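# Structure assessment
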There are 2 protein chains.
Amino acid sequence: MRRLLLKICYDGTNYCGWQVQPNGISVQQKICEALFSLLGEKTDVTGCSRTDSGVHANEFYCHFTTGNQSIDNRGFIGALNVRLPDDISVIDCIEVNDNFHARYDALGKRYIYKLYYSPVIDPFKDKYSLRVPKRLNIERISEFCKNVIGTHDFEAFSAAGKSVTDTVRTVYDCSFSADGDDYTFTIEGNGFLYNMVRILVGTALAVSDGKLNPDDFSKIIQSKNRALAGKTVPPHGLYLNKVFYERDEENFG
Amino acid sequence: MRRLLLKICYDGTNYCGWQVQPNGISVQQKICEALFSLLGEKTDVTGCSRTDSGVHANEFYCHFTTGNQSIDNRGFIGALNVRLPDDISVIDCIEVNDNFHARYDALGKRYIYKLYYSPVIDPFKDKYSLRVPKRLNIERISEFCKNVIGTHDFEAFSAAGKSVTDTVRTVYDCSFSADGDDYTFTIEGNGFLYNMVRILVGTALAVSDGKLNPDDFSKIIQSKNRALAGKTVPPHGLYLNKVFYERDEENFG
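Scoring rules and cut-offs
Residues numbered from 1 in each chain as written. Chains lettered and ligands numbered in written order. Predicted model: local features only at pLDDT ≥ 70, side-chain atom pairs only at ≥ 80, totals over all residues. Heavy atoms only, no water. Contact = heavy atoms within 4.5 Å. Buried area = accessible area lost by both parts, 1.4 Å probe. Salt bridge = Lys/Arg side-chain N within 4 Å of Asp/Glu carboxyl O. Polar contact = N/O pair within 3.5 Å; in protein donor to acceptor, adjacent residues only side chain to side chain. Helix = DSSP H or I, 4+ residues; strand = E, 2+ residues; numbered from the N terminus. Nonpolar A, V, L, I, M, F, W, Y, C, P; charged D, E, K, R; others polar. pLDDT = per-residue confidence, 0-100. Buried < 20%, exposed > 50% of the residue type's maximum accessible area, 1.4 Å probe, protein only.

The subject of this paragraph is the interface of chain A and chain B. The interface is formed by 22 residues belonging to chain A together with 22 residues belonging to chain B. Summing both sides of the interface, chain A and chain B together bury roughly 1,500 Å²; the carbon and sulfur share of this comes to 65%. When the buried surface of chain A facing chain B is broken down by residue, Val120, Pro123 and Phe124 of chain A rank first, second and third, together holding 41% of it. Joining chain A to chain B, the criterion identifies zero salt bridges. Seen at the junction of chain A and chain B, the total is two residue pairs in polar contact (both at pLDDT 80 or more). If you list the elements that add at least two residues to the side of chain A that touches chain B, you get strand 1 (2-10), strand 3 (56-66), helix 2 (73-82) and strand 4 (88-96) of chain A. Among the elements that line the side of chain A that touches chain B, the one with the most residues is strand 4 of chain A, at four residues. When its residues are assigned to classes, the side of chain A that touches chain B shows 13 nonpolar, four polar and five charged.

Rendered as structure tokens:
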């Protein structure tokens, strides 16, 4: 038996997220089907994260175990890709140790959220970036982002109705950049609560508008009150951008 | 009666092109429907060009005449956009003289064709750019592009079965650029034959591969033989990028 780690990317527009769901087609299901068609084995595929419906991934990892010992790596990637729709691609396939786990061995993740300014919808950007009808205040948002860095109890920045016991997370980096009319919110951390990035971006927009101040962050954190934070922005601007693993011989064979 | 010129853009993926066709939904039809819903008049909308099925436009112009005198320009654009699908946007609306014609008054056009290098499909680029599985030879293609500039009889670079009497066109500019793994072929001219840009790009790819030489261009031109030029590349990388009009008071009211 060999454990293999797939590095994939996907346009999440047409999926209910990574995880298999009773309603809707998931990325996980598509990967499982492609593996079954190729290997003739029913394999469990474990992802590094759950992404929500409509969220994209520039980089996503999942592992599975196979009894097939004769896999030629390059040919395997190509054969999987012809079995996958054009909105999901396998980028790489890495042999890992038997106890490697795509989710538990992830040291951290980077998410990005894309926005663009335009008075009208840009048909080429609108599926992959959130349109804002006014230019954003980069200075105010950047000040807000600096406050987000650190270890905080992010309960106020998580969707209601989800019972997670530990809502403390560490954000290693958080920044906001502009390239012409395109904006990118970037955040790296050891873990993220449900909807946390999308609520942080919604709060950043409220800071840009002047509805909130950059320093209101600590007040909101202390309140643990979801209602004090900004709106949850839609999923189509959100990308799981990078997953950090310890790349040593212990993990990667 | 007033003549108005709309500046629009569209993602052509889901359309049979600009022009109304017996089968398939056209951009023209969507614009006519939106105008009818808003103005309550049946209006003829005349485009600056026919774009093929699946071809995009960063900039496209069309004119129409309306008896409605009370149009407030800003509100009109917004009201049209809410009546249009997200893959078509009205960017501007300009009042023009009664004899202005979106097609005949166009002095020239710029098309771009996007390509990207990647060993696997990139789900975020693949609908809007042609994937090439090997890196391109920019020097060879640039040399080819220089040869394309000028006035030539482009019969060999037009799709068979189209009977146009005059196949002479003037190309003002033609260039090829790379930005990381993204490539852009740019061409400006006074007019383009059916499939001319797509055949020129296909020929550029053959030049990159070494199947043709940059200087074979004049041989192909002289032959007037479609079979000597390269393949017709698919429509999804092609964009009508700019339309040149004489922007003086004679045309624009």
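When pLDDT is averaged across chain A, the result is 94; 96% of the residues are at 70 or more. In the predicted complex, the global pTM is 0.91; the interface-specific ipTM is 0.89.

The next thing to look at is the pattern of salt bridges. A complete count under the given rule lists 18 salt bridges over all chains for this structure. The closest approach of N and O atoms between glutamate 95 of chain A and arginine 2 of chain A, which form a salt bridge, is 3.0 Å. Here the residue glutamate 95 of chain A occupies a position in strand 4, and arginine 2 of chain A occupies one in strand 1, the gap between them amounting to 93 residues. On the accessibility criterion, arginine 2 of chain A (13% relative accessible area) is buried. The partner of glutamate 188 of chain B in a salt bridge is arginine 110 of chain B, with the nearest N and O atoms 2.9 Å apart. Linking glutamate 188 of chain B in strand 9 (residues 182-189) with arginine 110 of chain B in strand 5 (residues 106-117), this pair joins segments that are 78 residues apart in sequence. Arginine 110 of chain B shares its class with glutamate 188 of chain B; the two are buried.

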